[in-house]
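Coordinate analysis (summary)
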Number of protein chains: 2
Amino acid sequence: MKARVYVTLKTGILDPQGKAIEGALASLGVEGVASVRQGKVFDIEIASNDTAETEKILATAADKLLANTVIENYRVEII
Amino acid sequence: MKARVYVTLKTGILDPQGKAIEGALASLGVEGVASVRQGKVFDIEIASNDTAETEKILATAADKLLANTVIENYRVEII
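Residues numbered from 1 in each chain as written. Chains lettered and ligands numbered in written order. Predicted model: local features only at pLDDT ≥ 70, side-chain atom pairs only at ≥ 80, totals over all residues. Heavy atoms only, no water.

In the annotation of an unreviewed UniProt entry, the entry for chain A reads Phosphoribosylformylglycinamidine synthase subunit PurS, and the organism field reads Blastochloris viridis. In the Subunit (unreviewed entry) part of its UniProt record, chain A is described as follows: "Part of the FGAM synthase complex composed of 1 PurL, 1 PurQ and 2 PurS subunits." Per UniProt, chain A carries the Sequence similarities (unreviewed entry) text "Belongs to the PurS family." (UniProt positions renumbered as here; feature names shortened; annotations may be inferred.)

Turning our eyes to something else, we now look at helix 2 (residues 51-66) of chain A. Relative to the 22 Å expected for 16 residues at 1.5 Å per residue, helix 2 of chain A spans just 20 Å between its end C-alpha atoms, considerably shorter than the ideal helical length. Taken residue by residue, helix 2 of chain A has Thr-54, Ile-57, Leu-58, Ala-61, Ala-62 and Leu-66 of chain A as its buried positions. On an axial view of helix 2 of chain A, the arc spanned by its buried residues comes to 135 degrees, and they lie on one face. Those residues of helix 2 of chain A that are exposed and aimed more than 90 degrees away from the buried face are Ala-52 and Lys-56 of chain A. Of the surrounding elements, those touching the buried residues of helix 2 of chain A are strand 1 (2-9), strand 2 (33-46) and strand 3 (72-78) of chain A together with helix 1 (16-27) and strand 2 (33-46) of chain B. (Helix = DSSP H or I, 4+ residues; strand = E, 2+ residues; numbered from the N terminus. Expected span 1.5 Å × (residues − 1). Buried < 20%, exposed > 50% of the residue type's maximum accessible area, 1.4 Å probe, protein only. Arc of directions from axis to C-beta. Contact = heavy atoms within 4.5 Å.)

Once that is clear, we can look at the relation of the copies chain B and chain A. One chain copy maps onto the other through a rotation about an axis and a shift parallel to that axis. Of the transformation placing chain B onto chain A, the axial shift is 0.0 Å and the rotation is 180 degrees, giving an RMSD of 0.0 Å. Interpreted geometrically, this transformation is the action of a two-fold axis. Judged by C-alpha distance, Lys-40 of chain B is the residue of chain B that lies nearest the rotation axis, at 2.3 Å. Taken together, the interface assignments show that 100% of the residues at the interface of chain B recur at the interface of chain A, consistent with an identical surface on both copies. (Least-squares fit on C-alpha atoms with pLDDT ≥ 70 in both.)

Let us now look at the layout of surface pockets. Estimated volume of the largest pocket: approximately 300 Å³. Elements represented by at least two residues in the lining of the largest pocket include exactly strand 1 and strand 2 of chain A together with strand 1 (2-9) and strand 2 of chain B. Here the lining of the largest pocket takes four residues from strand 2 of chain A, the largest share from any one element. For the lining of the largest pocket, the residue count by class is four nonpolar, six polar and six charged. Here the second largest pocket defines a volume of roughly 240 Å³. Elements supplying a minimum of two residues to the lining of the second largest pocket: strand 1 and strand 2 of chain A together with strand 1 and strand 2 of chain B. Taken together, the residues of the lining of the second largest pocket sort by class into four nonpolar, four polar and six charged. (1 Å grid on protein atoms, 1.4 Å probe; cavity = no way out; pocket = protein on both sides within 12 Å on 5 of 7 lines; lining within 4 Å. Points joined across faces, edges and corners; volume = space filled by probe spheres on them. Nonpolar A, V, L, I, M, F, W, Y, C, P; charged D, E, K, R; others polar.)

Moving on, we come to the side chain of Arg-4 of chain A. Residues and elements named next belong to chain A. Along the chain, Arg-4 falls in strand 1. Residue classification places Arg-4 among the buried positions, given a relative accessible area of 19%. There is a polar contact of 2.5 Å between the side chain of Arg-4 and the side chain of Asp-43. (Polar contact = N/O pair within 3.5 Å; in protein donor to acceptor, adjacent residues only side chain to side chain.)

Before going further, it helps to spend a moment on the packing of aromatic side chains. A complete count under the given rule lists one aromatic pair over all chains for this structure. Measuring from centroid to centroid gives 5.6 Å for Tyr-6 of chain A and Tyr-6 of chain B, while their planes differ by 50 degrees, and the two rings are tilted. With one member in each of two chains, Tyr-6 of chain A in strand 1 and Tyr-6 of chain B in strand 1 form a pair that bridges those chains. Note on Tyr-6 of chain A: relative accessible area 5%, which makes it buried. (Phe/Tyr/Trp six-rings, centres within 6.5 Å; stacked < 30°, edge-to-face > 60°.)

The partner chain A presents 32 residues to the 32 residues of chain B that form the contact. Summed over both partners, the interface of chain B with chain A comes to about 2,700 Å²; 65% of that surface belongs to carbon and sulfur atoms. At the boundary of chain B with chain A, the tally comes to zero salt bridges. Of all the elements in the fold, those that place two or more residues in the side of chain B that touches chain A are strand 1, helix 1, strand 2 and helix 2 (51-66) of chain B. Top element by residues in the side of chain B that touches chain A is strand 2 of chain B. It accounts for 14 residues. Split by residue class, the side of chain B that touches chain A holds 18 nonpolar, six polar and eight charged. Where strand 2 of chain A meets strand 2 of chain B, 13 bridges bridge the pair, whose relative direction is antiparallel. Looking across to strand 2 of chain B, one finds that Ser-35 of chain A is bridged to Glu-45 of chain B. (Buried area = accessible area lost by both parts, 1.4 Å probe. Salt bridge = Lys/Arg side-chain N within 4 Å of Asp/Glu carboxyl O. Pairing = 2+ DSSP bridges.)

What follows is the structure in structure tokens.
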């Protein structure tokens, strides 16, 4: 099964990378951008064809490695 | 308007980061993961309320800065 895991910073956590992108866009002349926050996305292929099992594997992977749950949220989407 | 820009590596482009994650998941005992490819996601707030204008600003931002269109694809999604 194909799935996607989105990892984004929690609200209130400072995102210096996003701020740098805002600054770079302004200096490149791209106007109208109010704010940018950067996250990560993982396109994952799971060997199993069972949705419940796939979700379990992905939650384990996200908790153990993909996301730092102290400062990041994650969302799993099965495609 | 709120929007999201997804940047992923084109098919065929080697993704060493994804390979490293595959290896790390296997060594952490997370089984059943066939492949991982990592991408980026940008949560962007645009000052305009016009959909067409927002799409234009985002396409410019992605072409100029967010994605390296030689090796990466991007997809814009207005929320």
